[in-house]
Amino acid sequence: MPELEKSKKKKKVAKAPPAADPSSTPAEKQAKKKPSAPKKKKSAATAAAKRQASEAAAAQAEAAVDEHDGGVPEMPPQSDEEGVNDITSEYDSYSSDDEDGQLTRVGDVPLAWYRDEDHAGYDIEGNRIVKKTKDALSQLISKFDDPNEMITVYEKLTGEGHKLSGEDIQVLLNLQKNVYPDPSYDPYPEALRFIDWKQNPFDKGTPGKARFQPSRHDMKAIAKLVRKLRRLEKNPPPPKPDPDAPFLLWNDTEDPNQQHDQAALRRRQHYIGPPKAQLPSTAESYNPPLEYLPTEEEKQAIDKEEPVDRPEFVPQHYDSLRRVPFYRNTLRERYQRCLDLYAFTRKRKEKVNIVPDSLLPQLPKPEELRPFPQKLGFVYKGHTGPVRAISVSHNGQFLASACDDHFARVYEVCTGRLVVKWNMKAPVSCVAFNPNPALNVLAIAADKILAFAVPRSCAVDAVNEASVEFIRGGFLAQTKNDTSGAADAINLVSAMKDDSDDEEEVGPDLDEIITEDDAGQTQLVDWRECEGVELKRGFVTKAVHHYRIKHFVWHPKGDYMGTLCPKDQKSRQVVLLQVSARSSISPFKRFKETVQALSFHPTQPYLLIATKRMVRIYNLVASQLVKKLKSSVNSVSSVDCHPEGDHVLVGSHDSAVMWYDLDYADKPYKKLNSQRAAVHTVRYHPQTSVYPLFASAGDSGQIQVFHGRVFDDLTKNAFLVPLKIIKGHNVVESVGILHLAFHPTLPWLFSAGADGAVKCWTE
């Protein structure tokens, strides 16, 4: 450092101009000045000499630094012009203008494109630059003849060779050895001492602990400030009035400080302005359109009315606005407006901004709940009228349909082939297979007759014989001829035919033996055996009711069934039948309302009866009412019980589908209003443990399929998810789909509509 300061002082002394003599006169000063010689242009040799001199001076400076151990040597004075020339000459040495050979002008063209060409680009004049490459033989010969061939590098583009110097070879060797390329580079130079410590600061020893602890005086001052801040938080000082604050012109107080009262400003913020007056409509224009002007007849009718009943304003036409007279109700309407402003209170309602998507439940995607019916699989043709009911056999191989064209048909499910059909000589209202898998019995309701048939083509002879013996069991018991029951059944089955009824040639009407005196009989049902033509057609017996049968259901065991005749007497709307014993009973004396639908409980001796406004559950063994399911609809149309017995599905003509939980309450757990028209039928899948599905259909012509999972844990509610809306039926005279039925073992759905179509929907 001392040497560096001395060198700086010497530089300043060398560059300082000579002091002027104060005793000299201006003339003497002018005489002392020498005339300046004219400047000459410096040649390139002079610049090179100066560059060599500067390099020598730099070498001396480096030597001086090494000698003084980090000090800065004294540099000889140098003029500004010489420095500029040195820099210019140094940069000129890096110029590429004086390179030997020709420069290749290829622009943005990749050099790889010239790999197979005999030239390597173009010069500045556009001429080709021929490559100077050697062939393989010449290169081999040159390796043996030329000793410098091993240290010569050739350019790929031009083929020009460059001999490597010893420094270049050393650099390459250093790179291979993973050391510094420059051999003169010292990675660990000796440290330069720029600071000369006069005294070691660590000689005084470790400071005491008291230096790192706040003093008591400071702690008292801080505690005093904290207490002052707490007092200010509890009792803040009044705000200073802002002279630039807005001035309330409507303030009546004389004190200017009260104009900025926070309570007043808060009241002003919650001020509710008066509602805006209604703007005049097109009819109140002085020149309204012609359709707004009353005709002469309407004007006369208005004049004939009482003054109280006349409208307050009648549109009129004027040529210009200045011809419009004064409105005589102006003062009265303004007065009423003033009364409305102060007599009626106004209330501010906070608007709740709710995202609609946040209100929807987080339901799984329908693809995750497959399988379920979603596409058309089969169509069963042949019906010429509305199909009222359909039923699937217990094994899922056959499908029965009831149509208004007086025919009951049986189809094969997987092929759509018509197996058998019967002409009932009356509109068929309902059909149903016996749910007992050991029997092959089909019940058909047409008008007042409930016929029991054994379709021989739907089962083997052994099952058919057991079915005939089951149906005729009550008759044999009455005639006390039990020993011949099996033989009679075999004879009857052998006498039956597999042919279907022809539309033109049919047997005698099933109702031909019913006389007019039967209407006054006292018994509920008249059991009659089928003989002759009826027996050949497959009918075994029939139960004659007093009025038209609308609907009937089988008990899950297959021996009992319930029939519904809504227009019969109040006590005979619901009749329970036991087929094996040929007995009938009316468990109810009367009904206050008309019965709409009925269903048996799958696990308990319960009967579900649906009236227009509620569903009643009766215990048939104890003969008492178990529960009432209330609804908010005006007309219930159908009811179905869950296979596990804890849930009930109800459809209504008010386009609503209600899910009841029998363990929850007497009101619906969920009410689905997705249907757009009356709902005629609702159904559960028979195996909800495998396929938790249920569906609804009605006059909209749509079938809506849902996922309804029921949990064994009583703390969990049923999980309902809409799956699919199926559109495949036409609406005829405002009537759409009339009946639905699920396949017993597959996720298939059968539908029957008023358009005469019966379709099967598969997964």
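Residues numbered from 1 in each chain as written. Predicted model: local features only at pLDDT ≥ 70, side-chain atom pairs only at ≥ 80, totals over all residues. Heavy atoms only, no water.

A. Just a nonpolar patch on the surface, in detail. A contiguous nonpolar surface patch, about 450 Å² in accessible area, is contributed by L137, L140, I141 and F144. Structurally, F144 is set in helix α5 (residues 136-145). (Patch = residues over 30% accessible without salt bridge, like charges linked within 9 Å, V, L, I, M, F, W, Y side chains within 5 Å. Areas by Shrake-Rupley, 256 points an atom, 1.4 Å probe, with all protein chains shown as cover. Salt bridge = Lys/Arg side-chain N within 4 Å of Asp/Glu carboxyl O. Helix = DSSP H or I, 4+ residues; strand = E, 2+ residues; numbered from the N terminus.)

B. Representation of unusual backbone geometry within the structure. Put simply, R370 and P371 share a cis peptide bond, and its omega is 10°. For P371, the position within the fold is in the loop between α11 (356-359) and β5 (375-380). Phi at D447 takes a positive value of approximately 60°, unusual for a residue other than glycine. Within the secondary structure, D447 sits in the loop between β11 (442-446) and β12 (449-453). One non-glycine residue, S734, adopts positive backbone phi at about 65°. Tracing the chain through its elements places S734 in the loop between β30 (719-727) and β31 (737-742).

C. Summary view of the nonpolar core. Grouped together as the largest cluster of nonpolar side chains are 48 residues, with contacts concentrated most on V410, W422, L450 and F452. Those residues in contact with V410 that lie beyond four places of it in its chain are F398, L399, A400, R417, L418, V419, V420, W422, F433, L442 and C458. (Core = buried A, V, L, I, M, F, W, Y, C linked by side-chain atoms within 4.5 Å. Buried < 20%, exposed > 50% of the residue type's maximum accessible area, 1.4 Å probe, protein only. Contact = heavy atoms within 4.5 Å.)

D. Expanded view of a positive patch on the surface. Taken together, the side chains of K224, R227, K228 and R231 make up a positively charged region of the molecular surface. Considering the arrangement of structural elements, one finds R227 in helix α7 (residues 216-234). (Lys, Arg positive; Asp, Glu negative; His and termini not counted. Charge placed at Lys NZ, Arg CZ, Asp CG, Glu CD.)

E. Spotlight on the pattern of salt bridges. Under the criterion given, the structure shown has 9 salt bridges. For the salt bridge of D404 with R388, the shortest nitrogen-to-oxygen distance reads 2.9 Å. Of the two residues, D404 is situated in the loop between β7 (398-403) and β8 (407-412) and R388 in strand β6 (residues 387-392); the sequence distance between them amounts to 16 residues. Notably, a salt bridge pairs R456 with D461, separated by 3.7 Å at the nearest N-O pair. Residue D461 is classed as partly exposed on the basis of its relative accessible area of 38%. Several salt bridges share partner residues, and in doing so they unite R472, E529 and R582 into one network.

F. How the structure looks around the sheet that holds β12. If you walk across this open sheet you meet the 5 strands as β10-β11-β12-β14-β13, and the pairing is antiparallel. Edge positions in the sheet fall to β10 (428-433) and β13 (526-529), since each has one partner strand and no second. Between one strand axis and the next, the sheet turns through 20° on average, direction left out of account. Across 5 bridges, β10 lies against β11 in antiparallel orientation. Its bridge partner being in β11, V431 is matched across the sheet by I444. (Pairing = 2+ DSSP bridges. Axes fitted to C-alpha atoms, helices over the stretch in contact; angles between N-to-C directions.)

G. Geometry of the layout of surface pockets. Space inside the largest pocket adds up to approximately 1800 Å³. Along the wall of the largest pocket there are 50 residues; nearest its centre are H551, V553, D640, R683 and H739. Looking at the lining of the largest pocket, the elements with two or more residues in it are β6, β10, β15 (551-554), β19 (597-600), β23 (636-641), β27 (679-684) and β31. Of the residues assigned to the lining of the largest pocket, the class counts are 29 nonpolar, 15 polar and 6 charged. Size it by volume and the second largest pocket reaches roughly 1300 Å³. Taken together, 40 residues form the lining of the second largest pocket, with E284, E312, F313, Y327 and E333 sitting closest to its centre. (1 Å grid on protein atoms, 1.4 Å probe; cavity = no way out; pocket = protein on both sides within 12 Å on 5 of 7 lines; lining within 4 Å. Points joined across faces, edges and corners; volume = space filled by probe spheres on them. Nonpolar A, V, L, I, M, F, W, Y, C, P; charged D, E, K, R; others polar.)

H. Looking closely at the packing of aromatic side chains. Under the criterion given, the structure shown has 13 aromatic pairs. Their ring planes at 50° and their centres at 6.0 Å tell us that F378 and W748 sit as a pair that is tilted. With F378 in strand β5 and W748 in the loop between β31 and β32 (749-753), the pair connects residues that are 370 residues apart, well separated along the chain. Look at F378 and you get partly exposed, because its relative accessible area is 24%. Pairwise contacts between aromatic rings join W659, Y684, F694 and F706 into one cluster. The ring centre of F407 lies 5.0 Å from the NZ or CZ of K421, which sits over that ring. For K670, the ring lying beneath its charged end belongs to Y669, and the centroid distance is 5.5 Å. (Phe/Tyr/Trp six-rings, centres within 6.5 Å; stacked < 30°, edge-to-face > 60°. Lys NZ or Arg CZ within 6 Å of the ring centre and 35° of its normal.)

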